[in-house]
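# Survey of secondary and tertiary structure
The primary structure of each chain is shown beneath.
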Amino acid sequence: MSSRLRLRPHGRSLRGRSRSPRGRSLRSRLPLFVGVTLVAVCAVAALTVFLVQRSYLLGDLDQRVTNAAERVQAGIRPTTEAGPAADTDPTFLDQRGQAVGTIGGTLDVDGYVSAARVVPQDGDPRNLSAAQRAALDGIEADGSLHTRTVPGLGTYRVTALADSGQAVLTGLPMDGVRDMIRSLVVAETVVAVVALAAAGCGCAVVIRRQLRPLGRVAATAAEVSRSPLDRGEATGPTSVSGPTPASGLTRVSERDTDPGSEAGQVGAALNRMIDHVESSLAERQRGEEESRRSEERVRRLLADASHELRTPLAAIAGYAELMNRDAGMIEPTLAWRRVSAESARMTGLVEDLLLLARLDEGRPPHAAEADLAALVAEAVWDARAAGGDHDWQLGLVLDTPALVVGDQARLHQVVANLLANARMHTPVGTTVVTSVEATDERRVIRVRDNGPGIPHTLLPRVFERFTRADASRSRPDARSGGSGLGLAIAAAITQAHGGRIGVESEPGRTEFTIELPAVGMPRLLPVDTVSAPSTPTPTSPPPTPAPTRAPDIASSSMSSQ
């Protein structure tokens, strides 16, 4: 039995502590405290009223006793002046106007009551008995007031006065004063009990009503505590104190966040804390999601790079093995040509991966002023030389010189990759129009063709690395496609220059749009074209006019037909 009892310090058990006043809630402690305070205040007020009223009533009674004694003394004065044989019988009570219950008597020289009479209810004074007189003995005739209990008559307030040698005793009953004081105490008690009950009920109602916001705040905190925050989720059930967002933790309702009240301050502070927790969770979720995406990109990049590198390595190893076995099995010139081609292909792939790695590290490009018009014209001429079976056109819409700050070689690579993509993935005879637009705020390069377009399933991933329309790893000829890094490199270089790239495609029309900031303009808001689906350029392009040929760049159509 003793092993089951767990004690706290100082020998207090858990059960004992749970019943201590500290464990009570404000709903019980506040009414109790207010009730005790009201009881104390009422007790002090009632005691003060009782003492003041009692003092007043006793003072009034003492004044009436003194006045009665003076009247009696004045009434017997002629008798006492007649001589030494004065009448000791208190005949003064026979005078009219004496109150019922008045005691009158005379004192001898030793202070004993020699004769005493009382005025009964019928008004005919009667003599006191010896025992009653004995209760009045020992009163000095100095006018002081005394309280004596007379057997059969009750408690009296008595005084004695002496004039011309005759001492006269006078007393009035205290029963009326005591009854009045008793009635006053009863009335005060009844009024106090009723007032305390009403005040207690009113305080309990008011306190409970005022503490309801705290209860709702506590309920909201309980709802938040039950949320699966350990799993990083910031969703909660329907709030008991207010609406819950479609996705997010429970909030305290607006009515419980009034800064003018203490409960409102607590509710507002809890909302701020929940906002901070939710933002922290959201930030952590974003970080975890970004980390997962990065890991997925790395794994996919390694897998794709391994596949891409394995093909030329296998080809090189195969030709080398054939040459080692028997030189007559294959012509050495053809073998070396194929080995050189696969080696060049592998070298280009590695260089592309290194370029993407440098761009991912955030290394700033070489900063120099470049003319996009001349750069795009050179890229179009190069594309015409590589693909003479396409119709290549150049259009310039220049309101201002198309100058940008960046690495001219990398920007040339962006345009060259887009033109190579159009050449490799469109049939013979496709028209490819490349235009440059220059305004005071931006520079825009558009590459548009009238080919079959990009498949809708591939369009959201067109700027991701190793994304190709042909998922196979074989390369039967030069037109079978590249490694899937050209558009990813174009997107990375564009973003490194503070620009953005987008694509719109449908059968018969595919347009890539590159926006770059003008010289002295801020960087554009980048679009994540590596880990997120590619999106069209947010600004709607103006209608492309008929190709305008700059006299210093091209004097005729670049078609080779």
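Residues numbered from 1 in each chain as written. Predicted model: local features only at pLDDT ≥ 70, side-chain atom pairs only at ≥ 80, totals over all residues. Heavy atoms only, no water.

### Observations concerning the sheet that holds strand S4 (residues 145–150)
By way of backbone hydrogen bonds, the strands of a sheet pair with one another, either parallel or antiparallel. Spatial strand order, S3-S2-S1-S6-S5-S4: six strands in an open sheet with antiparallel pairing. The strands lining the two open edges of the sheet, one partner per strand, are strand S3 (126–127) and S4. Pairing analysis gives five bridges linking strand S1 (residues 103–107) to strand S6 (residues 166–173), with the strands arranged antiparallel. The residue of S6 that forms the bridge with glycine 105 is leucine 169. (Pairing = 2+ DSSP bridges. Helix = DSSP H or I, 4+ residues; strand = E, 2+ residues; numbered from the N terminus.)

### So, the pattern of salt bridges
Evaluation of the coordinates by the stated rule reveals 18 salt bridges. The partner of arginine 157 in a salt bridge is aspartate 62, and the shortest N-O contact between them spans 2.6 Å. With arginine 157 in strand S5 (residues 154–163) and aspartate 62 in helix H2 (residues 26–80), the pair connects residues that are 95 residues apart, well separated along the chain. Residue arginine 157 is classed as buried on the basis of its relative accessible area of 18%. Residue aspartate 62 is classed as buried on the basis of its relative accessible area of 15%. The closest approach of N and O atoms between glutamate 290 and arginine 293, which form a salt bridge, is 2.4 Å. Of this pair, glutamate 290 and arginine 293 both sit in helix H5 (residues 262–325), separated by three residues, roughly a single helical turn. Exposure remark for glutamate 290: the relative accessible area of 30% places this residue in the partly exposed category. Through salt bridges with shared partners, a single network forms among Glu437, Arg446, Arg448, Glu504, Arg509 and Glu511. (Salt bridge = Lys/Arg side-chain N within 4 Å of Asp/Glu carboxyl O. Buried < 20%, exposed > 50% of the residue type's maximum accessible area, 1.4 Å probe, protein only.)

### Side note on the packing of aromatic side chains
In this structure the tally under the stated criterion is one aromatic pair. Measuring from centroid to centroid gives 6.1 Å for phenylalanine 463 and phenylalanine 512, while their planes differ by 85°, and the two rings are edge-to-face. One end of the pair, phenylalanine 463, is in the loop between strand S11 (442–449) and helix H9 (486–496); the other, phenylalanine 512, is in strand S13 (residues 509–517), with 49 residues separating them in the sequence. Judged by its relative accessible area of 1%, phenylalanine 463 is buried. (Phe/Tyr/Trp six-rings, centres within 6.5 Å; stacked < 30°, edge-to-face > 60°.)

### Considerations on the confidence of the model for the protein
Here the protein averages 76 in pLDDT, and 77% of its residues register 70 or above. Contacts of residues 1–21 to residues separated by more than four positions or lying in other chains number ten contacts, the stretch itself having pLDDT below 50. Low pLDDT, under 50, characterises residues 472–480; the stretch is placed with 21 contacts to residues that sit more than four places away or in other chains. (pLDDT = per-residue confidence, 0-100. Contact = heavy atoms within 4.5 Å.)

### Re the sheet that holds strand S12 (residues 500–506)
Read across the open sheet, the five strands follow the order S8-S10-S11-S13-S12; overall the sheet is mixed. Edge strands, defined here as strands with exactly one partner in the open sheet, are strand S8 (391–398) and S12. In this sheet, adjacent strand axes meet at a mean angle of 15° when their direction is disregarded. Alignment of S11 against S13, held across eight bridges, turns out to be antiparallel. Bridge assignment links valine 447 to a residue of S13, and that residue is phenylalanine 512. (Axes fitted to C-alpha atoms, helices over the stretch in contact; angles between N-to-C directions.)

### Quick look at the side chain of asparagine 271
The topology assignment puts asparagine 271 in helix H5. Here asparagine 271 is in contact with Arg251, Val252 and Thr257, once residues within four sequence places are set aside.

### Some points on the nonpolar core
Core analysis: the biggest nonpolar cluster contains 49 residues, and Leu372, Val376, Leu419 and Phe463 have the highest contact counts within it. It is helix H7 (residues 372–386) that provides the largest number of residues to this core, a total of eight residues. Ignoring sequence-local partners within four residues, the contact set of valine 376 consists of Leu394, Val415, Thr434, Val436 and Ile445. Residues Ile103, Ala116, Val150 and Leu169 belong to the second largest nonpolar core, which totals 15 residues. (Core = buried A, V, L, I, M, F, W, Y, C linked by side-chain atoms within 4.5 Å.)

### So, the pairing of S5
Pairing analysis gives six bridges linking S4 to S5, with the strands arranged antiparallel. Along S5, the bridge assignment pairs leucine 145 with threonine 159. Connecting the antiparallel pair S4 and S5 is a turn made up of three residues, with glycine 152 showing a positive phi of about 80°. Alignment of S5 against S6, held across eight bridges, turns out to be antiparallel. Bridge pairing links threonine 159 to threonine 170 in S6.

### Focus on a nonpolar patch on the surface
Together, Val186, Val190 and Val194 give the surface a local cluster of nonpolar side chains, amounting to about 260 Å² of exposed area. A relative accessible area of 49% means that valine 190 is categorised as partly exposed. (Patch = residues over 30% accessible without salt bridge, like charges linked within 9 Å, V, L, I, M, F, W, Y side chains within 5 Å. Areas by Shrake-Rupley, 256 points an atom, 1.4 Å probe, with all protein chains shown as cover.)

### Topic: the pairing of S12
Of all seven residues in S12, five are buried, a share of seventy percent or more. Sheet topology places S12 next to S13; seven bridges connect them, and they run antiparallel. Residue pairing in the sheet places valine 503 in a bridge with phenylalanine 512 of S13.

### What to know about helix H6 (residues 332–360)
For H6, spanning 29 residues, the distance from its first C-alpha to its last is 42 Å, which sits close to the expected 42 Å at 1.5 Å a residue. Taken together, the buried positions of H6 are occupied by Ala335, Val339, Glu342, Met346, Leu349, Leu355, Leu356 and Leu359. Among the residues trailing H6, glycine 362 stands out with phi positive, at a value near 80°. (Expected span 1.5 Å × (residues − 1).)

### Thoughts on helix H4 (residues 175–225)
The end-to-end C-alpha distance of H4 is 71 Å, a good match for the 75 Å that 51 residues give at a rise of 1.5 Å each. Of all the residues in H4, the buried ones are Val177, Ile181, Glu188, Ala192, Ile207, Leu211, Pro213, Arg216, Val217, Thr220, Glu223 and Val224.

### Here we look at the packing of H7 against helix H8 (residues 408–424)
Close contact between H7 and H8 brings their axes to 9 Å; oriented N to C, the two are set at 40°. Comparing their axes, H8 and H7 come out oblique. Seen from above, H7 lies across H8 with right-handed handedness. Touching Leu372, Leu375, Val376, Glu378, Ala379, Val380, Asp382, Ala383 and Ala386 of H7 are Gln408, Leu411, His412, Val415, Ala416, Leu419 and Arg423, all from H8. Class assignment for the residues of the contact of H7 with H8 results in eleven nonpolar, two polar and three charged. (Parallel < 35°, antiparallel > 145°, perpendicular 65-115°, else oblique. Left-handed = near helix turned anticlockwise from the far one by under 90°. Nonpolar A, V, L, I, M, F, W, Y, C, P; charged D, E, K, R; others polar.)

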